[in-house]
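Structural characterization, general
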Amino acid sequence: MIKIRNLNKTYNLGSPNALHVLKGIDMDVKGGEFLSIMGASGSGKSTLLNVIGILDNYDTGEYILDGTLVKGLSETRAAELRNRKVGFIFQSFNLISFKNAMENVALPLYYNGVPRKKRNALAMEYLEKLGLGEHADHLPNELSGGQKQRVAIARALISRPSIILADEPTGALDTTTSREVIEIMRDVNLKEGITMLIVTHEAAVAKATDRVIYLRDGKIESDKHNPNPVIEF
Amino acid sequence: MFDLLGEIIATMRKNKLRTFLTGFAVAWGIFMLIVLLGAGNGLQNGVQSNMTGLATNYENLWPGWTSMPYKGLRADRRIRFDERTVEFVRRSFPEIEYLTGILFHTTQSVSYGEEYGTWRVLGASAEATHIHNMIIRKGRFINEIDDLHKRKVIFIPRLVEEILFKNGEESLGKYVLVDGIAFQVIGTYDWVDGSTDTSIFTPLSTSTMLYDRGRGINRIDFTVKGMASIEEADDFDLRLRQAMGAYLGFDPTDTSAMYIWNNAKNSLQIQNVFRFINIFLWVIGFASLMAGIVGVANIMLVTVKERTREIGIRKALGATPWSIIKSVIIEAVFITTVAGYIGIMLGVGLMELVNKAIGSGAGEGGITAFKDPTVGLGIVFSALAVLVICGVVAGLIPSLRATKIRPIEAMRAD
């Protein structure tokens, strides 16, 4: 699914205050894995996530997503790939404030060229799956944090991506809703077989995943299998 | 395509203030342009329509009093025109087209049967019909034979006919008493410019015989061929003064001895004034258009922050740069076109209203300062095109920048 070889990324390359963020990352993720990347802030975990999500580029090395080499892609091609292969869940939800829940969920399909009726019906289906059927016509600011994140999950799911990348998905939520969100993600991973990659600094989140990668100063410090994942908050 | 429009309309609807302000700036710019240029055109049309009563190359002379001694003659002499003066003017200036002497007489009464009134009688010769722009409604104007035989005939305005001849009674051939002398009606007329002037025309020879009290002919009216510039008009007037001064005995520089009204020069001057007014209005109109453009640009730039975030999210969800640029362009075109159209409708509506109000107020009056305040469609639509293009550019620049920013950075912008 994901194959990363000796990946390097430096911010402000060539300038005196150049920042070498990722220093030769090697990493493999198989389809259907449920893993987390941990690390202190500044360890490069968010940058790695952005590179994996084709939201950011890298300098040297190789990154192959689902058999496609992601390197020097045009904006258009990158957008296409993001649309079909990757779903995102963000700490700050990143819902479009003037669109209601259903429209937010349907948006990826709009860029995929799915007709309105069909994508709205599909969006309703996903919202109902996540228990938000009654909130379909609510705007984001009429929803609670947990509800917003569930809308974001539905939005990430709707284009049936091969991988969902979550950047601190519980960062803005209390423990009860955090637990709820992680349970949903685990559920999606099991039922739909979608690879889940969560970037977090919360140990409780990492404990719930099958595999934990620790990043430190732009390098992988450890890559451990978690034989006994538990969801406890 | 429908999907794209739906998405854009939804975006606009959810950003009402932005949409409204952008649209308002455009509508206001177009509205002001139309009102200003319309007002300019209205003023010009109004003034020009007031001048249609006379040929544009019309000129006239009337005698005054000398204010300077001339060749041993003292100052303060009355200058007098007579039939020979009229012939002298015609002989001396081959560029004169049509010419007539005019003699005024204010009547005591003009009556027919029980009906009567008091009007001015103008003695004029046959050529006056080419100098004064009137529409002959019935019969004919004075001709050479009338003049030669000093016939007692009158050519009356329709307003006078309506007063004297009640219940649609035929006026042609009837005898009307002018200060007790019977005159036969030979025709009726209206002024081209709708003036309510009620001059009754009679042959100059008849009028001289009956009404000249030793002061001679009051005025000489004529048209001149080929006065295309103010310089040519000035040159003609100078030669006229010199010839008349030598003939009647006054200093050519003595402007009070003889007065000249040069309509050609006058209308050329008015044209110059209007050229200036039009340039001025264009400058103001352009400035208000610029204000509209700045308004549009400003609003587009102010909203770039929230837009940046939105564009970041859309990009993360798989929007291609082109799809974002496309939607921004169509949004800008849509808003500016619709708003521009509204501005055009309001501007044209206001001008129509003004036209109607003034038209009904001055319908009978003849003199209007304002008429047909319209603007060419070409001008309006090119102004709209300028605004649409500026709206697109103003929307596009920040959006292009936003599409270049990596989505993560764009989304962090809060």
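Residues numbered from 1 in each chain as written. Chains lettered and ligands numbered in written order. Predicted model: local features only at pLDDT ≥ 70, side-chain atom pairs only at ≥ 80, totals over all residues. Heavy atoms only, no water.

1. Looking at the packing of aromatic side chains
Tallied over the full model, the rule gives 16 aromatic pairs over all chains. Measuring from ring centre to ring centre gives 6.2 Å for Phe 24 of chain B and Trp 28 of chain B, while their planes differ by 15°; the resulting arrangement is stacked. Here the residue Phe 24 of chain B and the residue Trp 28 of chain B both occupy positions in helix H2 (residues 16–50), the gap between them amounting to four residues, near one helical turn. In this structure an aromatic cluster arises from ring pairing among Phe 141, Phe 155, Tyr 189, Trp 191 and Phe 201 of chain B. The ring of Tyr 126 of chain A carries Lys 129 of chain A above its face, with NZ or CZ at 4.5 Å from the centroid. (Phe/Tyr/Trp six-rings, centres within 6.5 Å; stacked < 30°, edge-to-face > 60°. Helix = DSSP H or I, 4+ residues; strand = E, 2+ residues; numbered from the N terminus. Lys NZ or Arg CZ within 6 Å of the ring centre and 35° of its normal.)

2. With respect to the layout of surface pockets
As a volume, the second largest pocket reaches approximately 420 Å³. Every residue lining the second largest pocket is counted, 26 residues in all, and those nearest its centre are Tyr 110 and Tyr 111 of chain A together with Leu 4, Ser 323 and Ile 324 of chain B. Those elements that place two or more of their residues in the lining of the second largest pocket are helix H2 (75–85) of chain A together with helix H1 (2–14), helix H10 (304–316) and helix H11 (321–361) of chain B. Residue contributions to the lining of the second largest pocket peak at six residues, all from H11 of chain B. Taken together, the residues of the lining of the second largest pocket sort by class into nine nonpolar, eight polar and nine charged. (1 Å grid on protein atoms, 1.4 Å probe; cavity = no way out; pocket = protein on both sides within 12 Å on 5 of 7 lines; lining within 4 Å. Points joined across faces, edges and corners; volume = space filled by probe spheres on them. Nonpolar A, V, L, I, M, F, W, Y, C, P; charged D, E, K, R; others polar.)

3. As for the sheet that holds strand S1 (residues 2–11) of chain A
Strand pairing in a sheet is mediated by backbone hydrogen bonds. Such pairs are either parallel or antiparallel. Residues and elements named next belong to chain A. One open sheet accounts for four strands, arranged S2-S1-S4-S5; its pairing is antiparallel. For this open sheet the edge positions go to strand S2 (19–29) and strand S5 (68–69), each flanked by a neighbour on one side alone. Across eight bridges, S1 lies against S2 in antiparallel orientation. Among the inter-strand pairings, Thr 10 is bridged to a residue of S2, identified as His 20. (Pairing = 2+ DSSP bridges.)

4. Brief notes about the environment of Gly 395 of chain B
On the secondary structure map, Gly 395 of chain B appears in helix H12 (residues 377–404). For Gly 395 of chain B and Ile 325 of chain B, which are 70 residues apart along the polypeptide, the C-alpha to C-alpha distance reads 9.2 Å.

5. Here we look at the sheet that holds strand S6 (residues 86–89) of chain A
Residue and element names in this part refer to chain A. Pairing within the open sheet is mixed, and its six strands lie in the order S6-S7-S8-S3-S9-S10. Each having just a single partner strand, S6 and strand S10 (219–225) make up the two edges of the open sheet. Here the average twist between neighbouring strands, direction ignored, is 20°. Where strand S3 (residues 34–38) and strand S8 (residues 195–200) come together, five bridges link them in parallel fashion. Following the sheet pairing, Ser 36 is matched in S8 by Ile 198. The strands touched by H2 within the sheet are S6 and strand S7 (163–167), with S6 carrying the most contacts at an inclination of about 75°. This element, helix H5 (residues 145–158), spans S6 and S7 of the sheet and lies at about 175° to S6. (Axes fitted to C-alpha atoms, helices over the stretch in contact; angles between N-to-C directions. Contact = heavy atoms within 4.5 Å.)

6. As for the pairing of strand S11 (residues 219–224) of chain B
All names here are of chain B. Burial analysis of S11 places six of its six residues in the buried class, the great majority of the element. Residue alternation in S11 divides its side chains into two sets, Arg 219, Asp 221 and Thr 223 and Ile 220, Phe 222 and Val 224, and both sets are buried. With four bridges connecting them, strand S1 (residues 58–63) and S11 associate as antiparallel partners. Its bridge partner being in S11, Asn 60 is matched across the sheet by Asp 221. Examined bridge by bridge, strand S2 (residues 96–106) and S11 share five bridges and lie antiparallel to one another. Residue pairing in the sheet places Gly 101 in a bridge with Ile 220 of S11. (Buried < 20%, exposed > 50% of the residue type's maximum accessible area, 1.4 Å probe, protein only.)

7. Focus: the confidence of the model for chain B
In this model, chain B carries a mean pLDDT of 85, and residues with pLDDT of at least 70 account for 94%. Predicted complex, confidence summary: ipTM 0.89, pTM 0.65. (pLDDT = per-residue confidence, 0-100.)

8. Section: empty space enclosed by the protein
Enumeration over the complete set of coordinates arrives at two cavities of 30 Å³ or more. What the largest cavity holds in volume is close to 50 Å³. If you go around the largest cavity, the residues you meet are Arg 82, Asn 83, Val 86, Gly 87, Phe 88, Pro 108, Arg 155, Ala 156 and Ser 159 of chain A together with Ala 316 and Leu 317 of chain B. Of all the elements in the fold, those that place two or more residues in the lining of the largest cavity are H2, S6 and H5 of chain A. The greatest single-element share of the lining of the largest cavity, amounting to three residues, is contributed by S6 of chain A. Its residues assigned to classes, the lining of the largest cavity comprises six nonpolar, three polar and two charged. The computed volume of the second largest cavity comes to approximately 30 Å³. Lining the second largest cavity are Leu 49, Asn 50, Leu 55, Phe 88, Phe 90 and Asp 167 of chain A together with Ile 408 of chain B. When grouped by side-chain class, the residues that make up the lining of the second largest cavity number five nonpolar, one polar and one charged.

9. Description of unusual backbone geometry
Residues other than glycine seldom take positive phi values, yet Asn 6 of chain A does so here, at roughly 45°. Locating Asn 6 of chain A in the fold gives a position in strand S1. You will see that Asp 179 of chain B, though not glycine, has its phi angle at about 50°, which is positive. Mapped onto the elements of the fold, Asp 179 of chain B is located in the loop between strand S8 (175–178) and strand S9 (181–191).

10. A few points about the interface of chain A and chain B
Contacts between the two partners involve 27 residues from chain A, matched on the other side by 25 residues from chain B. Together chain A and chain B conceal approximately 2400 Å² of surface at their shared face, both sides included; 56% is due to carbon and sulfur atoms. A per-residue breakdown of the area chain A buries against chain B is headed by Phe 98, Tyr 110 and Tyr 111 of chain A, which together make up 28% of the total. Summed over the shared surface of chain A and chain B, the number is one salt bridge. Here chain A and chain B share four residue pairs in polar contact (both at pLDDT 80 or more) between them. Broken down by secondary-structure element, the contributors of at least two residues to the side of chain A that touches chain B are H2, helix H3 (101–110) and helix H4 (116–129) of chain A. Looking at the side of chain A that touches chain B, the element that brings in the most residues is H2 of chain A, giving five residues. For the side of chain A that touches chain B, a count of residues per class yields 13 nonpolar, six polar and eight charged. (Buried area = accessible area lost by both parts, 1.4 Å probe. Salt bridge = Lys/Arg side-chain N within 4 Å of Asp/Glu carboxyl O. Polar contact = N/O pair within 3.5 Å; in protein donor to acceptor, adjacent residues only side chain to side chain.)

11. Quick word on the pairing of strand S9 (residues 211–216) of chain A
Walk down a regular strand and you will see the side chains alternate between the two sheet faces. Residues and elements named next belong to chain A. Summarising the sheet, S3 and S9 pair through four bridges and their orientation is parallel. When the bridges of S9 are listed, Met 38 appears paired with Tyr 214. Two strands pair when backbone bridges link them, and S9 and S10 are joined in this way by six bridges, in the antiparallel orientation. By the bridge assignment for S10, Leu 215 is matched with Ile 220. Taking the residues that link successive antiparallel strands as the turn, the S9-S10 hairpin has two residues, and the phi of Asp 217 there is positive, at about 50°.

12. Quick word on the packing of H3 of chain A against H1 of chain B
At their nearest, the axes of H3 of chain A and H1 of chain B sit 13 Å apart, and the two run at 145° to each other. For H3 of chain A against H1 of chain B, the interelement crossing comes out left-handed. Of the residues in H1 of chain B, those in contact with Glu 103, Leu 107 and Tyr 110 of chain A of H3 of chain A are Asp 3, Leu 4, Glu 7 and Lys 14 of chain B. Residue classes in the contact of H3 of chain A with H1 of chain B are distributed as three nonpolar, no polar and four charged. (Left-handed = near helix turned anticlockwise from the far one by under 90°.)

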